Amino acid sequence: MHTLGEDRWLDLDTLLGELLAEQLISPIDRSHFPPMQRNQHPLEWIASQQLAERLDLNTLCQWLAGQAGQPYLHIDPLETDLARLTGLMSAGFARRHGILAVAADAHSVTIASAQPYVRAWEADLAQVLHRPIKRVLASPVQIRQLSQTFFQVAQSVSGASLQQSTPTAADNLEQLLELGARGSEAQANDAHIVSIVDWLLQYAFEQRASDIHLEPRRDQGQLRFRIDGVLHPVYQFPAPVTLAVVSRLKSLGRMNVAEKRRPQDGRIKTRLPGGVEVELRLSTLPTTFGEKLVLRVFDPQLLQQDFAQLGLDGDDLGRWLTMLDHRHGIILVTGPTGSGKTSTLYASLKHLATPQINLCTVEDPIEMVEPAFNQLQVQAAIDLDFAAGTRALLRQDPDVIMIGEIRDLETAQVAIQAALTGHLVLSTLHTNDACGAVTRLLELGIAPYLLKASLIGVMAQRLVRTLCKHCKGPQPSDQPVGCRECRQTGYHGRSALFELLSVGDAFRSRIEHDTDLLSLRQLALNEGMKSLKQSGMDKVETGQTSMAEVLRVTA
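Presented here is a report on the structure given in the accompanying data block. (Residues numbered from 1 in each chain as written. Predicted model: local features only at pLDDT ≥ 70, side-chain atom pairs only at ≥ 80, totals over all residues. Heavy atoms only, no water.)

1. Some details on the overall build of the protein
Counting its secondary structure elements, the protein contains 22 helices and 17 strands. For the protein, the spread of C-alpha atoms along the three principal axes comes to 85 × 55 × 45 Å. In the protein, buried positions account for 51% of the 555 residues. Just so you have it, the protein exposes about 26200 Å², and 50% of that area is on carbon and sulfur atoms. Side chains of the protein give 53 positive and 62 negative charges; the mean places of these two sets differ by 3 Å. (Helix = DSSP H or I, 4+ residues; strand = E, 2+ residues; numbered from the N terminus. Buried < 20%, exposed > 50% of the residue type's maximum accessible area, 1.4 Å probe, protein only. Areas by Shrake-Rupley, 256 points an atom, 1.4 Å probe, with all protein chains shown as cover. Lys, Arg positive; Asp, Glu negative; His and termini not counted. Charge placed at Lys NZ, Arg CZ, Asp CG, Glu CD.)

And the structure:
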C-alpha cells in the first residue's frame, strides 16, 4: 500500500498485481505478461497487450485515478487556453516531470500527470506560480503528445512575435501544401509562421472543423473553429502574428498579399501526412484591425456520402429518386450556406452518372473532382460566370447539367432554357424553405409560365447536430448527455433535415406573378410535403437528435 508523502514511480509488477487482485486480469495473463519496453509508461504497455476489450488506456487511467484518489481528466485541447498555460512552466520542466498545465485561475493551477505518486515537482512549481497545485490524472499518451504540440506552437508564436516577419508571396500558381513538412520550404525568418500555419490546418482537420476563422483584434487575434455548426475559440495570437499568418495563407491561396482593402477569394489544396487531400476555400474581409480570414474545409469524405449517410430515407428518398428519374426539367436544392446542399447534389449526381449519360457541371469552386463528371470552374477574371459556363456546356451535348448556384436573372434564364430544351438541370438557391424557391425565381424575373413548364421539384434542407452515440440516453429521451467523445456537448456529427416539394398540377396552377408564399406553402403541405420541423420531429422520435436542436435550426 502506498504511503502519503512517498515518491514512487509506477512499476509494471505492482500494477499487474493490483489488477489481478481486483480480477481485472487473469492469473494466466499475469504469468505470461512480456517484459516492458524501456521508457514506456506501464499503463501504455498493459493497454498495448489488448488483454481485454475493457482494458484500453483510458479505462486503465480511470482505474489508476481511483486507486490514487485523484480526478481523471480526458484533456480536450479546445477547452485549454494554450497561450496562457504554456507560459506557466518551461517545456523542459514539463517534459522532465511528464506533466502538463490544463487549467489555471487566480487561486490554483491544475496539473495533469500520469504518475500520481510522484510529488517532487509540486513544491517548486507552487512556489514559482505563487498558487497551490491541483492534481488530475490523465493519459500518458495525451500528456506527451499535447505537451509537444502546445509548446511547439507557443515557441513558434513567440519567435514570430519577436521577428514580426511577413511571409513572402508564393511564385507557383498551383501549389499543393504538404502538411507535416514544417519550415522546409521557408526562409529562416518565415519558419515560425510556416509552423503555425501547418499546426493550425492539421489541428482543424483533426477536430473535424468545417470552417476556420482568423479574426484580428486591437491587441490579439482570435482563432476559432466551427465544429458541428458551432464556433469554438481555439487560440489567441499577438496581433502581428495574426496578420503574418493571414498573409501566409493568402500567399498559399494565390491571392494578392499586398491588397488589404478589398475582399478576396482563394483556394488551397493540402495533403495530410496520411496522403488524403483536402481543399480549402479562402475568403478575406477588411475589418477595423486588419483582414479577417475564413477558410472553409471541403472534406472529400463528406462530399462522397450516399443518400443514407446524408439522412435521406423513407418516403422522402423515394420522392427524390422519382424527381431524378425525369429526363428534362429543373430540380432545385435550397438552404443557407453550410446546410449541406453541395453534398446532396454530389450524391444525386453520382446516382445519375452512368456510362450512357453525359453529366456536366459548372461550379464555383469545384469542390470535389469526380471522374464521372465533366466539371467546369467559374473564373470571374475571364468573364466565365455561371451563365456563360452553362451556355458552353449546352454545346457539349449534355444529358444532365448541374449549376452550382443561381444568383441572378441571367443564370436563372439559362437554367430554365436548358430545362425546357431536353436537359435535366440541378442547381441551388438561397431561400428559407422549398416554396420560397418559387417566389425567389419570380422575383428575379422568370415568367410564371416558364416555371410551370420546367420546375420538377425543390428540396430545402438544414443540418442538425446528432446525439452522441457514446452517451445518449435510452429512447424516448432526446436530451444530450455529454461525454469526452463529444466534448460534453452531447452531440457528435450532423444529419440533414429535408423539406421536399414535388410540383404537381394543382401547385403549378398557383404559380403566378402575385403568388402568395403562405398560400403556396399551405397547398404544398396539404399535398403531402413534410416541413423541415416535421422532418426534425421524426429524427427526434428515432433518437437521432434533440428537440432543442431541431428548434434551433428550424425556428
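Read on for the rest.
2. Points about the side chain of Gln-142
Topologically, Gln-142 is positioned in helix α8 (residues 140-163). Look at Gln-142 and you get buried, because its relative accessible area is 15%. Sequence-distant contacts of Gln-142, that is, excluding residues within four places in its chain, are made with Leu-73, His-74, Ile-75 and Ser-147. (Contact = heavy atoms within 4.5 Å.)

3. As for the side chain of Thr-242
Among the structural elements, Thr-242 can be located in helix α10 (residues 239-252). In this structure, Thr-242 is in contact with Leu-214, Pro-216, Gly-221 and Phe-237, ignoring residues within four places of it in sequence.

4. Some thoughts on the pairing of strand β16 (residues 455-467)
Taken residue by residue, a regular strand's side chains alternate between the two faces of the sheet. Within β16, 13 of the 13 residues are buried, which leaves the element mostly enclosed by the surrounding structure. By the bridge criterion, 5 bridges tie strand β11 (residues 329-334) to β16 in an arrangement that is parallel. What sits directly across from Ile-331, in β16, is Gly-457. Alignment of β16 against strand β17 (residues 491-502), held across 10 bridges, turns out to be antiparallel. Paired with Gln-461 across the bridge in β17 is Phe-498. (Pairing = 2+ DSSP bridges.)

5. Quick word on the packing of helix α13 (residues 314-324) against helix α14 (residues 341-352)
In contact at an axis separation of 11 Å, α13 and α14 are set at 60 degrees when each is read in the N-to-C sense. One element, α13, and the other, α14, form an angle in the oblique class. Handedness of the crossing formed by α13 with α14: right-handed. When α13 is examined against α14, the residues Trp-320, Leu-321 and Leu-324 are found in contact with a partner set consisting of Thr-344, Ser-348, His-351 and Leu-352. Split by residue class, the contact of α13 with α14 holds 4 nonpolar, 3 polar and no charged. (Axes fitted to C-alpha atoms, helices over the stretch in contact; angles between N-to-C directions. Parallel < 35°, antiparallel > 145°, perpendicular 65-115°, else oblique. Left-handed = near helix turned anticlockwise from the far one by under 90°. Nonpolar A, V, L, I, M, F, W, Y, C, P; charged D, E, K, R; others polar.)

6. Notes on unusual backbone geometry
In this structure, His-130 is a non-glycine residue whose phi angle is positive, near 60 degrees. Within the secondary structure layout, His-130 lies in the loop between α7 (122-129) and β3 (133-137). With a phi close to 55 degrees, Asp-228 is a non-glycine residue in the positive phi region. Given the relative accessible area of 11%, Asp-228 is considered buried.

7. Here's the deal with the sheet that holds strand β13 (residues 374-377)
Strand order in this open sheet of 7 strands is β13-β12-β14-β15-β11-β16-β17, and the pairing throughout is mixed. Single-partner strands in this sheet number two, and they are β13 and β17. Going across the sheet, the axis of each strand differs from the next one's by a mean of 20 degrees, ignoring polarity. Packed onto the sheet, helix α15 (residues 386-394) meets β12 (359-363), β13 and β14 (400-403) and runs at close to 165 degrees relative to β12.

8. Re the environment of Ser-158
Among the secondary structure elements, Ser-158 is positioned in helix α8. We classify Ser-158 as partly exposed; its relative accessible area is 39%.

9. With respect to helix α20 (residues 517-526)
Those residues of α20 not exposed but buried are Leu-520, Leu-523 and Ala-524. Summarising the axial view, the buried residues of α20 lie within an arc of 100 degrees, below the 170-degree limit, and thus occupy one face. Opposite its buried face, α20 presents the exposed residues Leu-518 and Asn-526, each directed more than 90 degrees away. Where α20 is buried, its residues meet α17 (434-444), β17 and α19 (505-509). Following α20 by one or two positions, Gly-528 has its phi on the positive side, about 110 degrees. (Arc of directions from axis to C-beta.)

10. What about the pattern of salt bridges?
All chains considered together, the criterion is met by 22 salt bridges. Residue Glu-44 is joined to Arg-144 by a salt bridge in which the shortest nitrogen-to-oxygen separation is 3.0 Å. Within this pair, whereas Glu-44 is found in helix α3 (residues 42-48), its partner Arg-144 is found in helix α8, the two being separated by 100 residues in sequence. The salt bridge involving Arg-552 is made with Glu-549; its shortest N-O contact spans 2.6 Å. Of this pair, Arg-552 and Glu-549 both sit in helix α22 (residues 547-554), 3 residues apart, which is roughly one turn of that helix. A residue is classified by how much of its surface remains accessible, and Glu-549, at 1% relative accessible area, is buried. A cluster of three or more residues bridged by salt bridges with shared partners is formed by Glu-215, Arg-224 and Lys-292. (Salt bridge = Lys/Arg side-chain N within 4 Å of Asp/Glu carboxyl O.)

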